[in-house]
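The residues making up each chain are set out below.
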Amino acid sequence: MDDIAKLIWNPDAMHGTGTADVLVFLVAAVLFAPLFRRLRFSQVLGYLAAGALIGPFGLGLVGDVEGTRHLAEFGVVFLLFAIGLELSFERLRVMRRLVFGLGTAQVLVTGAVLAGIGVGVGLDLPSAIVIGGTLALSSTAFVVQLLQERGEFATHHGRGAFATLLFQDLAVVPLLVIVPLLNAPSEGAIALSLVIAMLKAAVALVVIVLIGRLLLRPLYRLMASVGSREIFTALTLLVVLGIGSATQMAGLSMALGAFLAGLLISESEFRHQVEADIEPFRAILLGLFFMTVGMSVNLGLAFDYMGTVLLLIGGLIAVKMLVLFGLALLFRQGVLASLRIAALLCQGGEFAFVIFGVAVGAGVLDTLTVQMLFLVVSVSMALTPLVMLVVDRLTRHMDNSHLDELGPDECGTLENHVIIAGYGRFGRIIARLLEAQGITVAMLDMDAANVAENRAAGRPVYYGDAGRPDILRLVGAEKAMGIVLTLDRHKNLATLVGQLREDFPNLTIFARSPDAQTTRELEAAGAYVAVPELLEASLQLGAEVLAKIGVPETEIESLVDAFRHVDSGRRRMGHADAQTDAQADAGIAQETEPQRPVDPVVAACEALDRVDELRLAEPPAEPPGGDTGDEKRAVA
């Protein structure tokens, strides 16, 4: 009987496969994240709550907590990679005062203050140094996610907070070196180890940057020429994890290596395609990371030491906010920007789970203290959105004009521009016409060789599929004046136009079509105007012929304009009958449907009649000596 029951329902079959844990995470994510978003809380809080519920200190639904935590760390890796893609070495150079000024001051001052408090309450010096230095760090993953949710990454306080976080990530290296050596017999051993570690890190960074600049762009061009989206995405994953692993083996963090990889690709024409390809991995793994942080919240310990935990959390947030506010003012960030930087960075960071773990192994901290610190760090992360909400409420009447987003040249945003999808001969002419009028143009093309050739000539062309809404968002489709579709090869242009109209309802769509039938389909799908690629060339060549036989220029313009209206009128009237189209092309006005307007056709016929009269009445004289090169008119 039991065997029969197992054929119907056998939960034990999932044990050991990891599928059960995956299902638990997915169910928790799809339940809690939308719920918190609907309640207008940060989505990150939803992930933290879900992790606390399913974790070992909650319902205990996840079996392999440690393995899940290792996998979730890749979320931070991909987050730093995405940040690197949004920056560049040039923009990083512009931010150097905040990175190495504000960042250095924040780590040193906050660490010293927290270590001093630790010694004051009875901790020994090694323990105080580890706790103070580690709690001085903030959560890059948490803060960047908050900034992106709030749309404030490109603001002054957003850049100031990120610059500080970037130096904090660099400070992890000396902290990881110091912790195992705090029980060393002499201070000389610690100093020597630090010097060796910093030299090794510097050499590794230089080698990675040099090799990356030499190899990454040719490698991406080669993969793009294959034309396989899967291979292109696989290359991106290899670059992120490969460079991250290289920095990890050199004693640095994998996240810092991923950030370097993003910086290297940000200078190439492939940045938008790469960013769109990596986004699903980043979003899923980052959500998993926040859930593993929630799983570290020991609710039983919190109830047992309620007063101590609340005092530690409140003290950490208060000390970090006071130090950050003062330092940000010192670096001329303004009162309101300084308050927001302080609120954003008031929590503990994800590297605390790594550094405190090393401290336990080295015998510097005991297990109970580390569990208490894990709880403090996790809860301080969860409280950050609430701290930001309080700061927003307290400062809503203050002058925030200086918190506007940075200009396009500094943060790389696009606005009031035109996107050209397909940078061939047709797209190149349109781009030059727009640029001649001072209009910013963003150009996309899927031909890697064409992109490389144009970028070598100094044109800002990017490799990217214009049929993907995520890539169009990366080139500012929401803020663009219009998009011009000049794609040479596309399976269904009408479907693409319809998708663009649905995803970007305020975007004006201009399109080149191969024939009249496609032109009608594109305009029906939502294109503002679609131009058959042969129409204008035919009309211009015909105008040159008429000019050569002596037709006055005004008559030519009238005739060409009339034929344009004939074609446009046919398309708008929806002529589906091929015979009617042929008669209209021949200039024969037929009133088979009296209610249908025929003025454009009549105008074309009258213009033809005038041309015939002119040709019969005044035959043009042959030019002496035949045609010369100067008399030939160029056809663009």
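Residues numbered from 1 in each chain as written. Predicted model: local features only at pLDDT ≥ 70, side-chain atom pairs only at ≥ 80, totals over all residues. Heavy atoms only, no water.

Caption draft 1: Main features of the packing of helix 3 (residues 43-54) against helix 8 (residues 140-150). Look at helix 3 against helix 8: their axes get within 9 Å of each other, and the N-to-C directions meet at 135 degrees. Between helix 3 and helix 8, the interaxial angle falls into the category oblique. Between helix 3 and helix 8, the residues in contact are Gln43, Val44 and Leu48 and Phe142, Gln145 and Glu149, respectively. Looking at the contact of helix 3 with helix 8 residue by residue, the class counts come to 3 nonpolar, 2 polar and 1 charged. (Axes fitted to C-alpha atoms, helices over the stretch in contact; angles between N-to-C directions. Helix = DSSP H or I, 4+ residues; strand = E, 2+ residues; numbered from the N terminus. Parallel < 35°, antiparallel > 145°, perpendicular 65-115°, else oblique. Contact = heavy atoms within 4.5 Å. Nonpolar A, V, L, I, M, F, W, Y, C, P; charged D, E, K, R; others polar.)

Caption draft 2: Geometry of the pairing of strand 6 (residues 529-532). Residues of strand 6 alternate between two faces, with Ala530 and Pro532 buried on one and Val529 and Val531 left unburied on the opposite face. What joins strand 5 (residues 508-513) to strand 6 is helix 24 (residues 516-525), and the crossover it makes is right-handed. (Buried < 20%, exposed > 50% of the residue type's maximum accessible area, 1.4 Å probe, protein only. Right-handed = clockwise from strand over helix to strand, strands pointing away.)

Caption draft 3: Here's a closer look at the pairing of strand 2 (residues 441-445). For strand 2, the buried fraction is high: 5 of the 5 residues fall into the buried class. Burial of strand 2 is two-sided: the residues Val441, Met443 and Asp445 facing one way and the residues Ala442 and Leu444 facing the other way are all buried. Sheet analysis places strand 1 (residues 418-421) next to strand 2, joined by 4 bridges and oriented parallel. Its bridge partner being in strand 2, Val418 is matched across the sheet by Val441. As a crossover connection, the stretch from strand 1 through helix 20 (residues 425-436) into strand 2 is right-handed. Where strand 2 lies against strand 3 (residues 461-463), 3 bridges are found, and the strand directions are parallel. (Pairing = 2+ DSSP bridges.)

Caption draft 4: Geometry of helix 2 (residues 19-38). Taking 1.5 Å per residue as the helical rise, helix 2 with its 20 residues ought to reach 28 Å, and the 29 Å between its terminal C-alpha atoms agrees with that figure. All buried positions along helix 2 are accounted for by Asp21, Val24, Phe25, Ala28, Ala29, Phe32, Ala33 and Phe36. Looking at the packing, one finds that the buried side of helix 2 touches helix 3, helix 4 (65-86) and helix 13 (271-295). (Expected span 1.5 Å × (residues − 1).)

Caption draft 5: Expanded view of unusual backbone geometry. In this structure, Arg332 takes a positive phi of about 60 degrees despite not being glycine. Following the sequence through the fold, Arg332 ends up in the loop between helix 15 (306-330) and helix 16 (335-344).

Caption draft 6: Quick peek at the packing of helix 3 against helix 13. Orientation of helix 3 relative to helix 13, taken along the N-to-C sense of each, is 50 degrees, at an axis distance of 6 Å. Accordingly, the angle class assigned to the pair helix 3 and helix 13 is oblique. The crossing of helix 3 and helix 13 is right-handed. Only Gly287, Phe290, Met291, Val293, Gly294 and Met295 of helix 13 make contact with helix 3, whose side of the interface consists of Val44, Tyr47, Leu48, Ala50, Gly51 and Ala52. Looking at the contact of helix 3 with helix 13 residue by residue, the class counts come to 9 nonpolar, 3 polar and no charged. (Left-handed = near helix turned anticlockwise from the far one by under 90°.)

Caption draft 7: Just the packing of aromatic side chains, in detail. All chains considered together, the criterion is met by 8 aromatic pairs. An angle of 80 degrees between the planes, with centres 6.4 Å apart, marks the rings of Phe100 and Phe167 as edge-to-face. Here the residue Phe100 occupies a position in helix 6 (residues 96-120), and Phe167 occupies one in helix 9 (residues 156-181), the gap between them amounting to 67 residues. A residue is classified by how much of its surface remains accessible, and Phe100, at 52% relative accessible area, is exposed. Relative to Phe259, the ring of Phe162 has its centre 6.2 Å away and its plane inclined at 55 degrees; by these criteria the two rings are tilted. Remark: Phe259 occurs in helix 12 (residues 254-266) and Phe162 occurs in helix 9; sequence separation between them is 97 residues. (Phe/Tyr/Trp six-rings, centres within 6.5 Å; stacked < 30°, edge-to-face > 60°.)

Caption draft 8: Region of the structure containing the confidence of the model for the protein chain. Per-residue pLDDT for the protein chain has a mean of 75; in total, 78% of the residues score no lower than 70. Element-level mean pLDDT values for the protein chain span from 36 in helix 19 (residues 408-411) up to 91 in helix 15. Predicted confidence is poor over residues 571-605, with pLDDT under 50, and the contacts of this stretch with residues over four places away or in other chains come to 35 contacts. Every residue in residues 618-636 is under pLDDT 50, and counting partners more than four places away or in other chains gives 13 contacts. (pLDDT = per-residue confidence, 0-100.)

Caption draft 9: The sheet that holds strand 3, seen in detail. What the 6 strands build is an open sheet, ordered 3-2-1-4-5-6; its pairing is parallel. At either end of the open sheet lies a strand with only one pairing partner, and these are strand 3 and strand 6. Here the average twist between neighbouring strands, direction ignored, is 20 degrees. Docked against the sheet, helix 21 (residues 448-456) engages strand 2 and strand 3, running at close to 150 degrees with respect to strand 3.

Caption draft 10: Spatial organisation of the pattern of salt bridges. In this structure the tally under the stated criterion is 3 salt bridges. Measuring nitrogen to oxygen at the nearest pair gives 2.8 Å for the salt bridge that ties Arg468 to Asp277. Residue Arg468 is found in the loop between strand 3 and helix 22 (469-474), and its partner Asp277 is found in helix 13; the two are separated by 191 residues along the sequence. Judged by its relative accessible area of 8%, Arg468 falls in the buried class. Residue Asp277 is classed as buried on the basis of its relative accessible area, which comes to 5%. When the shortest N-O distance is used, the salt bridge between Glu478 and Arg473 registers 3.4 Å. (Salt bridge = Lys/Arg side-chain N within 4 Å of Asp/Glu carboxyl O.)

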